[in-house]
Amino acid sequence: MNTSTFFSHSFKDEAGNSIGTKTIQAHTLGVVEKANRALSETVRFDLLTIEELRELVQLICKAHDIGKYSSYFQHYLLGNPTDRELKTHARIGAHLALGWMKSRGRPDDIQVIAYAAILNHHTNLKSKDDRILQGDSEGEVLDGILQGQLKSLQAARPNIQHELQLGFDETPLSLLPVTELRRQVRRFFKSPRIEHYFLLNYVFSLLVEADKLDASDTQIHTYQQLPPDSVDQHLSSFSQSPTPLFALRQELRREVCQHLNAPDILSKKLMILTAPTGLGKTFTALDFALKLRNLILEKENRHAQLITALPFINIIEQTLSEYKKALQKATQSNTSIEILAHYQYADVFGEQSSESDEKGYSQKLMQLDTWQADIVITSYVQLLQTLITHKNKLLKKFNHLAGAIVIMDEVQSIRLEHMPLVGAMLYYLTKYLGTRLIMMTATQPKIFELADQHILGERNICSSDQLFPLVQNPQRYFQAFTRTQIVPVTKDLPLDEDSFLGILENYWSPNKSCLIVCNKVKRSLKLFEAITNWIGTKGYENEVFYLSTNVVPAHRMGIIGKVKKALEHSRIPQSTTPPPILIATQVVEAGVDLDFDMGFRDIGPVDSIIQVAGRINRENRESQALSPLYVVDFNDCKDVYGAVAYQQALHSLGQSPIPEPGYYDLVQTYFDGEGARKAFHQSKLLFRSIETLNYDGEKTDCPISSFQVIEQAKWVTNVFVEWDETASEALLAFLAIGKARKEDRTKAKHIFDTRHKLHFHQHIIALPKSLVSNTLTLINDQLPDLELYLLPKEQVLDLYHATTGFIRYSQTNNPQLNTISF
């Protein structure tokens, strides 16, 4: 055996010399151990048994860095000149793994999956290996490179066999000719199946996560037992003075949790919880999930990770707070329990990490990106773009979906055109990875029915048959409420601000708090100005508030807090405080705990209208029964939601008031319409790309890489508002990353992420490019994926109102515009 030491990683000392830090043997066996530990016994593929899957993962992990044994890579790693092509290691490892699998008689598609996983483990997954699919001349070039690498590896073969414990000592290091591999890859892509996507993404995820965890020496979280009665204990303090609403919430929770006594409950994978807004679905789902997790521990002898996904940041933060309250006693008695928030603006590092070294910071980032926690609370962007993606960074945590309990709240917020796609992918997620899914909604969009109609039915699958309702008769809960009613207000012509004031005068009185929701920011700003002027002219004293994405996130919670306080003060007996009015956009539709007497909403998707109704008479005050939400039409719906959604809403709403017990049927009508079915073409194209492993093809083919949960319009850009000193400090820390020398960049990013990242993102708003491109400076060297303009503190008072945010048009002098400060 060669007595040389072969390294997989190195670092540069203070003199700039490259020093080997970890041997290939230590790293490879560490990757094998971590991937084996993460591999879930819940996965079930038709192509191979669990034992064969474990063998496949082990081979992929052992072969992924085998190319690093070449002298070319060792010279490169230790800072010596070497050939650029010959030093690469992923392709030779992929070729060798495929050859070994072929010699052991493994199916061709499994061979190609192993090949693709190793080949791309430092990049994103690709549709095809373009180099081998090119002509014969390119094949000859590749053959020459691979043969040169192979010759170098032959010298290290004794080390390879001994150190990596490959298990086939008699098998020589040999390569399949590129021309033969080309034919095999082409055959693979001619027989697509959805199982290939889930299998490739799963083994790729296991490899990439284990590789990065081991390379960074990041500690893997050991799942802890979570007390199944945590929610019971938390809510027991509220039962001392129960209200009718509290009693109804308890009834819902009992009905949902009684299913845990069913002998076949562990066989249920697709579960749905439908109940009205304000009925405590967050704690009900958490209670059910904790008890289900405990049952899995008893029956399957494993800890299931709990993943909760939500559509909006304010709901994520609110849910994180509620979870921490419910599990407070558990986390106090067992400090090893981890509850992790993973979303764009999350302050995940905490105070303790601000002074940690750079290695500790990198490990903290890796723990975040790989969901090292018992409970993960994340965004739909993270969840769905991990499920449907080609990106290496996102796929690191794809394997965490296997065997997990996934709660999806507010599922009606998923874009209509994506619903069949998401429903189909969630079905296959439960089928292949053994994920248990709990979907929560107040409006029950027919996500699986749509998947069956437009995708799965064509493949002779009916996911709806496997759907298990945790509430058997949700209409019963809807019928128990008469809190609100939706009242269409039709006019011959679309409204403008002046004509809306006439409607407001007819339907609103100064003793009523009122919520007004617009589809467009520009409309909401003009309406705010019109109403504040009208209130002043009438001599009313109602305070008018404003909330939209035109206001930086750092100020929005302050506005919500002021509105909530104004609502509370106006309801104190004998109070002289007049109730407030809030003009807003869709930012109030979900997760905002405000309770108005009445409201108006510009026509939009029915589920969005119902969400706004959830901000009215939220506490079910009997004196406010059937509080109205008037639906009006400013002619903005088509621009924001499309003509299909507009026509569907008109058709569904009709002309008559719809009391709350009718909301359930209203949603069914909305999703059943002929117009809705025209929106699902993109879902079908994307699913076909997933089925054919079209990871990164031409955009006209709708490849996997084109999928985005939230699409930002091309005419919109991002603006950083340097409002105060906190924003200025965050901006300086952000700019320091780009100015830092390469060797200091990690430290600069560490400082930014641990101390300023949250504040930085909370001062960014999205605006039309036409408003800012000629007046503000473009910062384009910091975030390559984020076009960012700067509104500096010298201009901020000229272009940004404390109350209404960015000034989009010339506003008249109005004393109320600057009454709120932060």
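The structure this text deals with has already been given above.
Description of the structure in this document. Since this is a predicted model, take the numbers as computed values, not measurements.

### A few points about the overall build of the protein chain
Secondary structure assignment for the protein chain yields 34 helices and 22 strands. A compact globule built from 822 residues should have a C-alpha radius of gyration of about 28 Å, and the protein chain, at 29 Å, falls within 12% of that. Taken over the C-alpha atoms alone, the protein chain extends approximately 95 × 65 × 55 Å along its principal axes. Every one of the 822 residues in the protein chain was classed for burial, and the buried ones make up 58%. Considering only contacts within the protein chain whose residues lie at least 6 apart along the sequence, 79% involve residues at least 24 apart. About 34,200 Å² of surface is accessible on the protein chain, with carbon and sulfur atoms providing 49% of the total. Computing the positive centroid from 86 side-chain charges and the negative centroid from 94, the protein chain places the two 2 Å apart.

### Focus: the pairing of strand β14 (residues 598-602)
Counted residue by residue, β14 has five buried out of five residues, so it is predominantly covered. Taking every second residue as pointing to the same face, both faces of β14 are buried, with Met 598, Phe 600 and Asp 602 on one and Gly 599 and Arg 601 on the other. Bridging between strand β11 (residues 514-517) and β14 involves four bridges; their strand directions are parallel. Pairing of Val 517 across the sheet is with Arg 601, part of β14.

### As for the side chain of Thr 484
Tracing the backbone through its elements, the reader meets Thr 484 in strand β10 (residues 484-488). Given a relative accessible area of 2%, Thr 484 falls into the buried group.

### Structural notes on the nonpolar core
Among the nonpolar cores identified, the biggest contains 202 residues, and Leu 53, Phe 198 and Met 408 are the most heavily contacted of them. If you tally residues by element for this core, the top one is helix α10 (residues 194-215), at 12 residues. By size, the runner-up hydrophobic cluster in this structure holds 49 residues, among which are Leu 248, Leu 286, Leu 295 and Ala 326.

### What to know about helix α8 (residues 157-164)
Buried within α8 are the following residues: Asn 159, Ile 160, Gln 161, Glu 163 and Leu 164. Directly after α8, the chain includes Gln 165, whose backbone phi takes a positive value near 50°.

### So, the sheet that holds β14
Read across the open sheet, the seven strands follow the order β12-β13-β11-β14-β15-β10-β16; overall the sheet is mixed. Only two strands of the sheet have a single neighbouring strand rather than two, namely β12 (544-547) and β16 (658-659). Of the strands in this sheet, β11, β14 and β15 (627-632) touch helix α22 (residues 497-507), which is tilted by about 155° from β14. Those strands touched by helix α24 (residues 553-570) are β12 and β13 (581-584), and its axis lies near 150° from that of β12.

### Remarks on the pattern of salt bridges
Applying the stated criterion across every chain yields a total of 39 salt bridges. A salt bridge links Asp 214 to Lys 22, with the nearest nitrogen and oxygen atoms 3.2 Å apart. Here the residue Asp 214 occupies a position in helix α10, and Lys 22 occupies one in strand β2 (residues 18-23), the gap between them amounting to 192 residues. For Asp 214, a relative accessible area of 6% translates into the label buried. When its relative accessible area of 16% is taken as the criterion, Lys 22 is described as buried. For Lys 102, the salt bridge identified is with Asp 108, shortest N-O distance 3.9 Å. Judged by its relative accessible area of 29%, Lys 102 is partly exposed. By sharing partners, the salt bridges in this structure join Glu 458, Arg 459, Lys 684, Arg 688 and Glu 691 into a single network.

### Considerations on the packing of helix α13 (residues 281-300) against helix α14 (residues 313-326)
Running from amino to carboxyl end, α13 crosses α14 at an angle of 50°, the nearest separation of the two axes being 11 Å. One finds that α13 runs oblique with respect to α14. Crossing of α13 over α14 shows right-handed handedness. Counting all contacts with α13, which are made through Thr 282, Phe 283 and Leu 286, the residues of α14 involved are Thr 319, Glu 322, Tyr 323 and Ala 326. Taken together, the residues of the contact of α13 with α14 break down into four nonpolar, two polar and one charged.

### Some words on the sheet that holds strand β18 (residues 764-768)
Taking strand neighbours across the sheet as the criterion, the four strands line up as β18-β17-β20-β19 in an open arrangement whose pairing is mixed. Across the chains shown, the open sheet's two edge strands, defined by having one partner strand only, are β18 and β19 (777-779). Adjacent strand axes in the sheet meet at a mean angle of 40° when their direction is disregarded.

### Points about the pairing of strand β17 (residues 716-721)
With respect to burial, β17 is a largely interior element, six of its six residues being buried. Burial along β17 is two-sided: the residues Val 716, Asn 718 and Phe 720 and Thr 717, Val 719 and Val 721 are all buried. Of the strand pairs in this sheet, β17 and β18 are connected by five bridges, and their pairing is antiparallel. Residue pairing for β18: Val 716 is matched across the bridge by Pro 768. Here β17 pairs with strand β20 (residues 788-791) via four bridges, running parallel. Opposite Phe 720, over in β20, you have Leu 790 as the bridge partner.

What counts, and at which threshold
Residues numbered from 1 in each chain as written. Predicted model: local features only at pLDDT ≥ 70, side-chain atom pairs only at ≥ 80, totals over all residues. Heavy atoms only, no water. Helix = DSSP H or I, 4+ residues; strand = E, 2+ residues; numbered from the N terminus. Rg over C-alpha atoms; globule rule 2.2 N^0.38 Å. Buried < 20%, exposed > 50% of the residue type's maximum accessible area, 1.4 Å probe, protein only. Contact = heavy atoms within 4.5 Å. Areas by Shrake-Rupley, 256 points an atom, 1.4 Å probe, with all protein chains shown as cover. Lys, Arg positive; Asp, Glu negative; His and termini not counted. Charge placed at Lys NZ, Arg CZ, Asp CG, Glu CD. Pairing = 2+ DSSP bridges. Core = buried A, V, L, I, M, F, W, Y, C linked by side-chain atoms within 4.5 Å. Axes fitted to C-alpha atoms, helices over the stretch in contact; angles between N-to-C directions. Salt bridge = Lys/Arg side-chain N within 4 Å of Asp/Glu carboxyl O. Parallel < 35°, antiparallel > 145°, perpendicular 65-115°, else oblique. Left-handed = near helix turned anticlockwise from the far one by under 90°. Nonpolar A, V, L, I, M, F, W, Y, C, P; charged D, E, K, R; others polar.

Worth remembering: the numbers are spatial, not functional.
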